[in-house]
Structures are given as C-alpha cells and as structure tokens.
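# Commentary on secondary and tertiary structure
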There are 2 protein chains.
Amino acid sequence: MLYFIGLGLGDCKDITVKGLEIVRQCSRVYLEAYTSILTVGKDALEEYYGRELLLADRDMVEQQADEILKGADVSDVAFLVVGDPFGATTHSDLILRALNAGIQYRVIHNASIMNAVGCCGLQLYNFGETVSIVFWTDTWRPESFYDKIKKNRDMGLHTLCLLQVPSLSRGRKIYEPPRYMTVAQAAEQLLEILQNRRDRGEELAMTQDTVCVGLARVGAENQTIRSGTLQELASSDLGGPLHSMIISGDLHPLEVDMLKLFSGPEGLKTLKMTDSSTYVS
Amino acid sequence: MLYFIGLGLGDCKDITVKGLEIVRQCSRVYLEAYTSILTVGKDALEEYYGRELLLADRDMVEQQADEILKGADVSDVAFLVVGDPFGATTHSDLILRALNAGIQYRVIHNASIMNAVGCCGLQLYNFGETVSIVFWTDTWRPESFYDKIKKNRDMGLHTLCLLQVPSLSRGRKIYEPPRYMTVAQAAEQLLEILQNRRDRGEELAMTQDTVCVGLARVGAENQTIRSGTLQELASSDLGGPLHSMIISGDLHPLEVDMLKLFSGPEGLKTLKMTDSSTYVS
C-alpha cells in the first residue's frame, strides 16, 4: 500500500493520530520536499516520528517514481506531504503510476492552506478561484493573476493568493536560492499592476485602499495575520515563511469584525467603509 | 484558553496529535453537533479521547455561549468541530464573544471537505465559488446555486456543491428528521433546473452529459467516489452520508485520467470527450 499522508501546517504534532501510526509501521517513508515547508525541519520530524525520512524532490517523484513505488505492492510505503496531499499540488501522477503497477493507495488528509486561511474570519465559501503570484524577472512579469482577482471581485468573492516558494529547477540539479515571497512583495507587485492598468485607462478591480489580509505561518505557534489596505500590507513585515495573501471581495459584517482583530491599532478599527471592501480613514 | 479543534473527516483517529493532547488536558470539552458528522458517534469519540463530551447544538452556541466560555479565562476549554473549525462554517461569533470576555483562543486545524475533495483528482485551484444545495419544499425551490455553477463554468472552473445536512431549527427545540441529501437527489434537482431553464429558452451552462463527481464519506475508510455524467449520478447510490458533488469545469488531461479511476466499467473509460467537460458515448 502507498500511503499519502498530510502533515498539516505547523510542526511535528500536526500529523493526525492515524497518520502517525501509519508512518511508524511503514517500511519506507518519503518526505516530499518541493512544494511547502513546516516550521520544523526534517531532523525534528525524524526524531518525533522515530523514522528515517527519505527526501523526495521533484526530480525523484517525476523521474524515479519506480524507486518510491518499489515493494509497495507487498509492503507499506508512506509519502508525506506538508499540508494536505491534495492541497495546492496534487499527486495524481504518482497515484496513476502506482495503480498501473498494481499498487493500491490510500490518503490520510490534513489541513492545507486552502482551508486553514478561514482562520482570518473570511468565509471559505465566499472565495473564488485561487491564484498564484510568482517573482517577476526582468523579462517575465505576468499579470494574469490580477485578471483573476478582478473576476472574483466582480462577483463579490475573496481571492486567496498563494505566494511563490522555492522550487527545484526541473531537469537540472540546480537549486534556486531559497526565496519565499513575502506579503509585502506580493502587495508591491499588485500595486505596480494597478498603476500599469491605470496608465492604460482600464477600469480597476481594486485600489490601494482595498482591504487585504496577509497571513504568515498559518497553523503554527507563531502564526501572524495582518489585515489592512493593500498599501499598508506593502510595507508590512510578517516575519519568516510561508506567507499568503487574501484580496477581499464583498465583506459580511461578521467578516469585518473578525478582520478588525488582525489590524494594527492605527488600522481598520479607525477606518470607515466606503464600499463593500474599501476603507478610508 | 478556548481551543477550536478540528476532528477531520473520518473517525476518532483523524484528530491531530496536538489536538488529542489538548483534548485530554482541558477542563471541559464541547462537541459541536450541528454542521457535520463523522462516521463514528459521540460514544466512540468519548471512549477514544477518554473524555466526556458535552454536545453543543446551535441554540447553545448562539444563545448560551457564556456557558461554553465559563472559566476559560483561567482554565482550558475545547470546542471540537468535525472537519476544520473554519471549513464550511466559521465560529466567528464564539471567537468574538471569547475575546470580549478576555479569553484567548487558539485553532488546531484539520482537513475539511473544502480541501479534501481534491482526492478525486480535480485540482483545488481550478475551483470557483462553493455552492450549497438544499432540499426543495412545495413552496421554496431556490435555483440560485445553478447560476453560481454557470458563472464558474463560464470561467472554466469546477464547482464544489455542499449538500444539505440536518440542522436544528433555530429558536425552537424541534429537531428536523435526520435527512442528508444524497448525490442522486442533488443531481435530480439540477436536472430539473436545467429543464426549467431550457423551457425558458436560456442558454445552458451544462447538460445532462456534463462530467460530475459524487463523493461520499470523504476521508473515511469506506469513502466512495463516483465520476460520471450528471444523468448517471442522478441514478447513483453512494451509500450513507455525508455526500458532496462536484460539477466539473474545463478538465486537464491529468484530471481526466484521475476521474476515470472513479467511473464504472461502463463509465468514462468508454466515453469520448466533446468539449472540455462533456462526454458522449
């Protein structure tokens, strides 16, 4: 059996009881090491689980899947994934390979950023399509995520923005420097896009005063949530990775009350709402 | 401290290690008992946790919150929620009351249906707004969820449909009979709406041949996933609650490969794609 086990978002103890029992009885345990991170490292996980963890980078999962699947038809192999195995990434390819090799699989779910962001008080069923924001380069400055935010806001929906995490360059054994995008960097990019669109005479989906939420290390002891205008978040410092950002859509009064918990003393508490999600002092 | 602890989706052992440790050391433990269910009952949870669980129905949480919060400023109280505390429902009201009373809170996340549906192979970031489908009565036959499905499909996005669960009538101590909506019932309603809209000459967002996914007891040992056309799901029997349904949007080839795993022998395997999400034999 091949077990896909979610580790949740915080530390060693965010694995489920069921997941931990399986980890401890599997013959080999892989740790997927390219999409996300916990606040603790591989060593801490190994010590707590009492098991050696084999790192599975993107190359290995895509090109040496046979290695992972070896013997899983007669013994148990675990594949650990930060968050939920079907959160921001799926592992369809590995599942299909396993089934092709006559190996059954089972999924042990856990929290992922896709549902845990509800902790800021915005209701999950008021979210539209999730977007990804990546670092711009000199020659590659994609703005398509803004258009998705616009569509969501046109329908009154919130947008979860997943921010770039370091990844292994495919096909080459060269690791990028570990660069995690911060909420401030994402907000800066979005402000620049708004300026570009304004220059082109476009009708804007949002302004620098639109209410946004920055989230860092969701689910961890030192989780930080900060609500404020886009402009405010562009100068925020939420500390270490991982960061995510939400662009609000229409806000329900109870959602506003929750967001006020996460604003600074100079923040939303003293602000007046002008439209459903834009505040002015 | 008031702890909001997610129980996950399956049975006793889907709680996280951290969540279980907290449950075992709290002075009182409440079980929220109106939005969702596990495949095991209160007795099984009590035995496994080694703690008495106090049922908190909707009336209690809304009208007798003081009872729940009593003493939580000096001792620890746990509030257990099936799935994630911020999944399909939030508990903002209870959080705000706690903070007003000078009581701190903490959230222990877990899987919810909102992220665990990824197990069918459809990618979470290709989902639009989530909709709810409720039982029609003679006088109340809301169709608004169809319009949301249409908007999602216009953008190529999948739609997660949460199906009605029994709820306690607010304000009166009268429990509705425990009636959980099945995938077949939801599909039937959707077919009827399509017929209504067709009769009115509307351009339809989908047809009876649109690819849908029925999910039952996601995360449990006896989880069942069934992919097929809307028409096929209308005559499906996925067994006991809880059920959810997905209306597909544009399908990526890898998503199609995954959905084929969950179709019957006469199902998608033998079907040809006509547009991005409609199959014909």
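Everything numeric here is computed off the predicted structure, so don't read it as measured data.

Parameters at a glance
- Residues numbered from 1 in each chain as written.
- Chains lettered and ligands numbered in written order.
- Predicted model: local features only at pLDDT ≥ 70, side-chain atom pairs only at ≥ 80, totals over all residues.
- Heavy atoms only, no water.
- Pairing = 2+ DSSP bridges.
- Helix = DSSP H or I, 4+ residues; strand = E, 2+ residues; numbered from the N terminus.
- Axes fitted to C-alpha atoms, helices over the stretch in contact; angles between N-to-C directions.
- Contact = heavy atoms within 4.5 Å.
- Buried area = accessible area lost by both parts, 1.4 Å probe.
- Salt bridge = Lys/Arg side-chain N within 4 Å of Asp/Glu carboxyl O.
- Polar contact = N/O pair within 3.5 Å; in protein donor to acceptor, adjacent residues only side chain to side chain.
- Nonpolar A, V, L, I, M, F, W, Y, C, P; charged D, E, K, R; others polar.
- Buried < 20%, exposed > 50% of the residue type's maximum accessible area, 1.4 Å probe, protein only.
- Core = buried A, V, L, I, M, F, W, Y, C linked by side-chain atoms within 4.5 Å.
- Least-squares fit on C-alpha atoms with pLDDT ≥ 70 in both.
- UniProt positions renumbered as here; feature names shortened; annotations may be inferred.

## Looking at the sheet that holds strand β3 (residues 54-56) of chain A
Residues and elements named next belong to chain A.
- As summarised here, the arrangement of the 5 strands in space is β3-β2-β4-β1-β5, forming an open sheet in which the pairing is parallel. At either margin of the open sheet sits one strand with a lone partner, and together these are β3 and β5 (105-108). This sheet shows a mean twist of 25 degrees between the axes of neighbouring strands, independent of strand direction.
- As judged from the 5 bridges shared by strand β1 (residues 2-6) and strand β4 (residues 77-81), these two strands associate in the parallel manner. Paired with G6 across the two strands is V81, which belongs to β4.
- Sheet contacts for helix α5 (residues 92-100): β1, β4 and β5; angle to β1, the most-contacted strand, approximately 160 degrees.

## Here we look at the interface of chain B and chain A
- Facing the 50 residues of chain B at the interface are 50 residues of chain A.
- Across the chain B/chain A interface, buried area totals approximately 4200 Å², and carbon plus sulfur atoms make up 61% of it.
- There are 8 salt bridges connecting chain B and chain A.
- The interface formed by chain B and chain A includes 18 residue pairs in polar contact (both at pLDDT 80 or more).
- Only α1 (17-25), α5 (92-100), β5 (105-108), α6 (113-116) and α10 (253-261) of chain B provide two or more residues apiece to the side of chain B that touches chain A.
- Ranked by residues supplied to the side of chain B that touches chain A, first place goes to α5 of chain B with 5 residues.
- Considered class by class, the residues forming the side of chain B that touches chain A number 24 nonpolar, 14 polar and 12 charged.

## Quick look at the pattern of salt bridges
Residues and elements named next belong to chain A.
- Per the counting criterion, the structure on display carries 28 salt bridges over all chains.
- With its nearest N and O atoms 2.9 Å apart, the salt bridge here joins D93 to R97. Remark: R97 and D93 occur in helix α5; sequence separation between them is 4 residues, near one turn of the helix.
- We classify R97 as partly exposed; its relative accessible area is 34%.

## Let's talk about the nonpolar core
- By size, the foremost hydrophobic cluster in this structure holds 90 residues, and its most contacted members are L2, F79, L215 and I246 of chain A together with L2, F79 and I246 of chain B.
- In this structure L215 of chain A touches V117, C119, C120, V183, T224, I225, L238, L242, H243, S244 and I246 of chain A, once residues within four positions along its chain are discounted.

## Some points on unusual backbone geometry
- Here the amide bond leading from P241 of chain A into L242 of chain A is cis, since omega sits at -5 degrees, within 30 degrees of zero.
- When you line up the elements, L242 of chain A lands in the loop between α9 (230-234) and β10 (243-247).
- Even without being glycine, R217 of chain B reaches a positive phi, approximately 55 degrees.
- Residue position: R217 of chain B is located in the loop between β8 (211-216) and β9 (224-229).
- We classify R217 of chain B as buried; its relative accessible area is 11%.

## Some details on the relation of the copies chain B and chain A
- With an axial shift of 0.0 Å and an RMSD of 0.0 Å, the rotation relating chain B to chain A amounts to 180 degrees. The transformation relating the two chain copies, once decomposed into turn and shift, fits a two-fold axis.

## Notes on the pairing of strand β1 (residues 2-6) of chain B
Residue and element names in this part refer to chain B.
- Buried residues dominate β1, accounting for 5 of its 5 residues.
- Burial along β1 is two-sided: L2, F4 and G6 facing one way and Y3 and I5 facing the other are all buried.
- Bridge count for β1 against β5 is 4 bridges, and the pairing is parallel. Bridging across to β5, F4 finds its partner in V107.

## A word on the UniProt feature "binding site: S-adenosyl-L-methionine" (unreviewed entry) in chain A
All names here are of chain A.
- Summarizing the sequence annotation, UniProt attributes the feature "binding site: S-adenosyl-L-methionine" (unreviewed entry) to L9, D84, G87, S112, I113, L163, V218 and H243 in the numbering used throughout.
- Of note, I113 is situated in helix α6 (residues 113-116).
- Among the residues examined, I113 registers a relative accessible area of 17% and is labelled buried.
- Leave out the neighbours within four places in its chain, and L163 touches I133, M181, T182, V183, A186, H243 and S244.

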